[in-house]
There are 2 protein chains.
Amino acid sequence: MSSPVLPSHGRVRPLGLTQVSITGGFWGSRQAVNATATLAHCESWMERLGWLANFDRVADGTTSPDRPGWSFSDSEVYKLLEALAWETARTGDTGADAAIKRLTGRIGRAQDPDGYLNTCFGHGGQPPRYSDLEMGHELYNTGHLLQAAVARLRTGARHGEDDLVRIARRAADHVCRTFGPDGLPGICGHPEIEVGLAEFGRALGEDRYVEQARLFLDRRGHGTLKDISLGRAYFQDDIPVREAEVWRGHAVRALYLTAAAVDVAVERGDDELLRAVERQWERSVARRTYITGGMGSRHQDEGFGEDWELPPDRAYCETCAGVASIMVSWRLHLATGDVRYTDLIERTLYNVIATSPSPDGRAFFYANPLHQRTPGKPADPDEVSPRAEAGARAAWFDVSCCPTNVARTLAGLHGYLATTDDDGLRIHQYAPCTIRAELPGGQEAAVEVETDYPETGTVRVRIAADAAAPWTLALRVPAWAAGATLIDDGRARPVDPGMTEVRRAFRAGEVITLELPMEPRFTWPDPRIDAVRGCVAVERGPEVLCAESHDVPGQLDALAVDARSAPQADPGGARVRGRLPAHADRPWPYPQAAAAPAPVAGAGWFDVPLRPYHSWAQRGPSSMRVWLPVSPPPEGE
Amino acid sequence: MSSPVLPSHGRVRPLGLTQVSITGGFWGSRQAVNATATLAHCESWMERLGWLANFDRVADGTTSPDRPGWSFSDSEVYKLLEALAWETARTGDTGADAAIKRLTGRIGRAQDPDGYLNTCFGHGGQPPRYSDLEMGHELYNTGHLLQAAVARLRTGARHGEDDLVRIARRAADHVCRTFGPDGLPGICGHPEIEVGLAEFGRALGEDRYVEQARLFLDRRGHGTLKDISLGRAYFQDDIPVREAEVWRGHAVRALYLTAAAVDVAVERGDDELLRAVERQWERSVARRTYITGGMGSRHQDEGFGEDWELPPDRAYCETCAGVASIMVSWRLHLATGDVRYTDLIERTLYNVIATSPSPDGRAFFYANPLHQRTPGKPADPDEVSPRAEAGARAAWFDVSCCPTNVARTLAGLHGYLATTDDDGLRIHQYAPCTIRAELPGGQEAAVEVETDYPETGTVRVRIAADAAAPWTLALRVPAWAAGATLIDDGRARPVDPGMTEVRRAFRAGEVITLELPMEPRFTWPDPRIDAVRGCVAVERGPEVLCAESHDVPGQLDALAVDARSAPQADPGGARVRGRLPAHADRPWPYPQAAAAPAPVAGAGWFDVPLRPYHSWAQRGPSSMRVWLPVSPPPEGE
């Protein structure tokens, strides 16, 4: 089945990409831009920079030490292949299929006879194979190759085991031979091979690949890799995954590893491991996650900080960590059916994934800070951006993991909208779409979802086929949606956050409507999050809002808002009452006094427009803040 | 004259290290530990790690690509030499003199016939000379060699131009030939050669070295170096020094460069350049400096952040940046006589320099954060610490710039206590000491300072010799010392912050007493410093205080203090009223509500002891915070 993730069992089952179709709206337009702009954009940059030609050089025996790109550039090609494969299932796009064949041909020529496939190691003028497991990314690259092959397998009954799958099989077999129980006892510094092997094993029904993933997982956390200056927590080799209490180190590494841990736990029935991962999720979400769903507090190691270390300005919140967080939460949801995971997926989709690409799909945020003090410089669309922190979306990066990660996520996004279980159909994310799902017993649940969510909160689910027997339609009421209403057959009833269910033998044409409350609302930080003490955020539906210098006269530095007045609805965002108190410019910024420096009374209140965070810097470089300092009432007010 | 910095002219003149002697107290004990423990500790580690043997390998022609140490390890040897030289002047220590000769012998053997001296480039198996100006540190190393020679020159009339000076002269001549007006148009990625050349020129009275420093300065800021992923601001090659508005990029680089800019401005009478540096100091101190005087907000590039970006937890505040900040402020003070510079020096001495070394002088902080959430792991005294952020002082580091920088600063610290001008003697930093300064006209000002400052605020200046004519005794009243009193001949009068003066023909035995107010006081952050909004700090005299987990039951995470009650004096620190409100552990840390989560009433108030920040983690690993969240009054209180 054409599903990005397909466990052998679990509390709920995913739908295939051909069973769900997003027909427009917020995500439909993004899928269209991804298909028509981003995929070609990525291929063109990789051609231009020689990342594709690296495969030709291996094939032609013309490798040399001055290879272009980082050691992980192969993986970008594989992630593009994965995106192209999901795209073929989404639209039957023959162009995407042709691109897959074109790229596969070049990749295949570079594979060594024993299955080893890498353009950075093991050939003329290059370091030997597996000579830098810590930072060399060889197995990481292979993991992404396997993921691409999984996508090809699951979207191509008509392809059978095509060239890409055969290449991946040879590469996977080489890995199993080299790193199997009797082979090298190593692991890769960047987890990814584990999740690639697990899914590849599931897609082919060959358990030995899952077993190799388990072996890599169990080897990790024992100081298996050499220490580095950032410490072994950087690549999660400090603590075995089943003993860890929280995510730490490089965020993408931590989350790819965790995704694989869920896969292995599910395939092995290892409930202890699954529970360990759930505990890590719980503490990391409760103490190390931004309001946007973003993860990664530190630039230095692209990593998680400590509990409560969540600076908005230096938030790294790498786009790829958002992708990886969804990978983890989706797997945990499939295993458990717990709505907290789909809640976090929604938050991450609207506030990390949607934030990265520009409307034209040809520029991307790498880091997603929640506070930008000085507007970034507009990126030159013809230049590689060396820096992840420019405050402006860039066409391509020196380390360019995010564009292809966005591409593969968007191409398969409809796979994350709904699931089935023994009772019926469960809808988790709201977009205008059609869903035709086979239920147990051979019955089909067919619905059309009509909504312009998140512009409004009305979600109409129209039954598209008569049912022979009762089934359950379950709709997710997001955790933020206190006061939601379900309207069924003209009767409205309040529904609590969680899954709300309607069960009967539905008739075609029936409409079940979910009304989600879209009034903007104040959200406060836990008092232990030091970096945003004394601040408030505003959210509307699933969207985090922000203030941007385009809309605020003067300096955002000085903005303070009145938390006594509730935020007001405003088209596409909200308004709060704010002001810009003047601050004395002191030669030394730490005045000594009995009380805090008082705000200057007289600074007038005005309406501060807030817009969705995901749209920031689309009107040009700007300063921006999600967390708004609360103005203490001045004397006499 | 044996002064660490000796401009040809300026508003005030430094004293030589033989004219001032610290006789005990806070700094006297630290100088003694430095002399008896730290100097040998540094030499022993450099021997053990092969950083000294690197010189032997060059001399013996046994270099290879696997040289131990970073490219800048030579500079640590030179900084140790500089420290040893100041130490010979401080105590006449023949052991230090012998160590200088021993080290100089090994260094000299490694010098190439044309004066080039570097153990990492230009010899068998090594990259060619000057093949990596961006990151190779060759000229940086030479700069520190020149500084060591300056110290030797200024402390060794009896040595004349000894071997170290001759080695340095050959190295400096090589640099001038190679990078002169007709040579390579390059600069070093890490500024230091500039300040080394300027001082070497001044010490020898040879202007061509100053001129080469000027040339390096003027070449910088035009994209002279290759771009790097952190951007050219990292090494201040983004904007010419005379056009810059603020310090940015790597803090130590920025400050070493600025020190050289002051030297060149003074020697060339370039008031425009001097004023540019003063403006940079003003804005950087007003917006990019921690309450401790620490500089550098970011780990990623060891660099300054943007204006108001001053996170306490991820504060880098490298010890070396504190040393470099003092270098800059001292030069600006000598040029202008402005007390704001000596105010900042005091703050940096007590809260950065004093924080780094352990009481035994054999372990050091590299980074100096203002908030430690989880106690560090005790460092193994026999291991090199790979990390700058361990939360525990370490014996030595992989990058070990800080120990030798502390050593050279402490060894020459008495050179920063006082100056003279045309009117008399000016005392800036208070320590028990004797000062014998020659005044214009040949008169001698001899005083003894008696104080246990900063334990108490009483500073007695006892005149030690009759004066033939009136002279002025000027005493710095620190900016923080509102309410200070001067007692002269039994009469007390209030004195304002700034320099306070007494002028007459002093008689031996007269005592002028300065009483500085040592009651602990609240200090507040500028409201634009986002990371410490809603917090207060407590200072006492020149010391910033902190709360440490050793003294606070439960979690410092939850500590909140009552800002309505003034801090109370406590031996060696202060007490504030605080409590540990319980916080609900939420699965998602951003509750939505009309108002901020209220503190749980009923958490009892208790006295929170605060101790000097510089002493933190001396009682074992601890969590710690300088900025204390202010508890809002709970309902009903």
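Keep in mind it's a predicted model, so treat the numbers as computed, not measured.

A. A look at the domain arrangement of chain A. Residue and element names in this part refer to chain A. Split by domain assignment, chain A resolves into domain 1 (13-416), domain 2 (424-515) and domain 3 (521-629). Between the C-alpha centres of domain 1 and domain 3 the distance comes to 35 Å. Each side of the interface is counted separately: domain 1 has 30 residues, and domain 3 has 26 residues. Both faces considered, domain 1 and domain 3 share a buried interface measuring about 2,300 Å² in area, 62% of it formed by carbon and sulfur atoms. Between domain 1 and domain 3 we count one salt bridge in total. Across the pair R347 and E539 runs a salt bridge whose closest N-O atoms are separated by 2.7 Å. The interface formed by domain 1 and domain 3 includes nine residue pairs in polar contact (both at pLDDT 80 or more).

B. Representation of unusual backbone geometry within the structure. Cis geometry is found at the peptide bond from A:Y453 to A:P454, where omega equals 5°. With respect to the secondary-structure elements, A:P454 resides in the loop between β9 (444-451) and β10 (458-463). Despite not being glycine, A:D489 shows a phi value in the positive range, around 55°. Given the relative accessible area of 58%, A:D489 is considered exposed. Its identity is not glycine, yet B:H137 carries a phi of approximately 60°, on the positive side. Of note, B:H137 is situated in the loop between α4 (94-109) and α5 (138-155).

C. Geometry of the interface of chain B and chain A. Of the residues lining the interface, 65 residues belong to chain B; the matching set on chain A comes to 64 residues. For the pair chain B and chain A, the summed buried area comes to about 5,500 Å², and 47% of that belongs to carbon and sulfur atoms. Of all residues in chain B, B:W524, B:W588 and B:Y590 bury the most surface against chain A, accounting for 14% of the area lost on that side. Remark: the boundary between chain B and chain A carries twelve salt bridges. Between B:R373 and A:D530 there is a salt bridge whose closest N-O contact spans 3.0 Å. Counting every contact that joins chain B to chain A gives 34 residue pairs in polar contact (both at pLDDT 80 or more). Contributions of two or more residues to the side of chain B that touches chain A are made by α10 (271-287), α12 (339-353) and β16 (521-523) of chain B. Residues that form the side of chain B that touches chain A fall into these classes: 32 nonpolar, twelve polar and 21 charged.

D. View of the sheet that holds strand β9 (residues 444-451) of chain B. Residue and element names in this part refer to chain B. Within the open sheet, the seven strands sit side by side as β2-β8-β9-β10-β15-β12-β13. Their pairing is antiparallel. Bordering the open sheet on either side are β2 (20-22) and β13 (491-495), each of which pairs with just one other strand. Taken over all neighbouring pairs, the strand axes of this sheet differ in orientation by 20° on average, direction set aside. Two elements, strand β12 (residues 484-488) and β13, share five bridges in a ladder whose sense is antiparallel. Residue L486 lies in a different strand from β13, and its bridge partner there is R493.

E. Summary view of the pairing of β9(A). Residue and element names in this part refer to chain A. As judged from the six bridges shared by strand β8 (residues 433-438) and β9, these two strands associate in the antiparallel manner. Residue pairing in the sheet places A437 in a bridge with A445 of β9. Between β8 and β9, which pair antiparallel in sequence order, lie five residues; one of them, G441, sits at a positive phi of approximately 95°. Sheet topology places β9 next to β10; five bridges connect them, and they run antiparallel.

F. Here's a closer look at the relation of the copies chain B and chain A. When chain B is fitted to chain A, the best match, at an RMSD of 0.0 Å, comes from turning it 180° and sliding it 0.1 Å along the axis. One copy is carried onto the other by what is essentially a two-fold rotation axis.

G. Representation of the packing of helix α5 (residues 138-155) of chain A against helix α7 (residues 193-204) of chain A within the structure. Residues and elements named next belong to chain A. Running from amino to carboxyl end, α5 crosses α7 at an angle of 25°, the nearest separation of the two axes being 7 Å. Overall, the two elements α5 and α7 adopt an arrangement that is roughly parallel. The two elements α5 and α7 meet at a crossing, and its hand is left-handed. Between α5 and α7, the residues in contact are L139, T142, G143, L146, Q147, A149, V150, L153 and R154 and I193, V195, G196, L197, E199, F200, R202, A203 and L204, respectively. Within the contact of α5 with α7, the residues separate by chemical class into eleven nonpolar, four polar and three charged.

H. Spatial organisation of α10(B). Between its first and last C-alpha atoms α10(B) spans 24 Å; for 17 residues at 1.5 Å apiece the expected length is 24 Å, and the two agree. B:L273, B:L274, B:A276, B:V277, B:E278, B:Q280, B:W281, B:S284, B:V285, B:A286 and B:R287 are the residues of α10(B) that are buried.

I. Up close: the sheet that holds strand β14 (residues 498-504) of chain B. Residue and element names in this part refer to chain B. Taking strand neighbours across the sheet as the criterion, the five strands line up as β1-β6-β7-β11-β14 in an open arrangement whose pairing is mixed. Where the open sheet ends on each side, the last strands, each with one partner, are β1 (13-14) and β14. The pairing of β1 with strand β6 (residues 418-420) spans two bridges and is antiparallel. Within β6, the residue paired with R13 across the bridge is T420.

Cut-offs used in this document
- Residues numbered from 1 in each chain as written.
- Chains lettered and ligands numbered in written order.
- Predicted model: local features only at pLDDT ≥ 70, side-chain atom pairs only at ≥ 80, totals over all residues.
- Heavy atoms only, no water.
- Domains from an automatic or database assignment.
- Contact = heavy atoms within 4.5 Å.
- Buried area = accessible area lost by both parts, 1.4 Å probe.
- Salt bridge = Lys/Arg side-chain N within 4 Å of Asp/Glu carboxyl O.
- Polar contact = N/O pair within 3.5 Å; in protein donor to acceptor, adjacent residues only side chain to side chain.
- Helix = DSSP H or I, 4+ residues; strand = E, 2+ residues; numbered from the N terminus.
- Buried < 20%, exposed > 50% of the residue type's maximum accessible area, 1.4 Å probe, protein only.
- Nonpolar A, V, L, I, M, F, W, Y, C, P; charged D, E, K, R; others polar.
- Pairing = 2+ DSSP bridges.
- Axes fitted to C-alpha atoms, helices over the stretch in contact; angles between N-to-C directions.
- Least-squares fit on C-alpha atoms with pLDDT ≥ 70 in both.
- Parallel < 35°, antiparallel > 145°, perpendicular 65-115°, else oblique.
- Left-handed = near helix turned anticlockwise from the far one by under 90°.
- Expected span 1.5 Å × (residues − 1).

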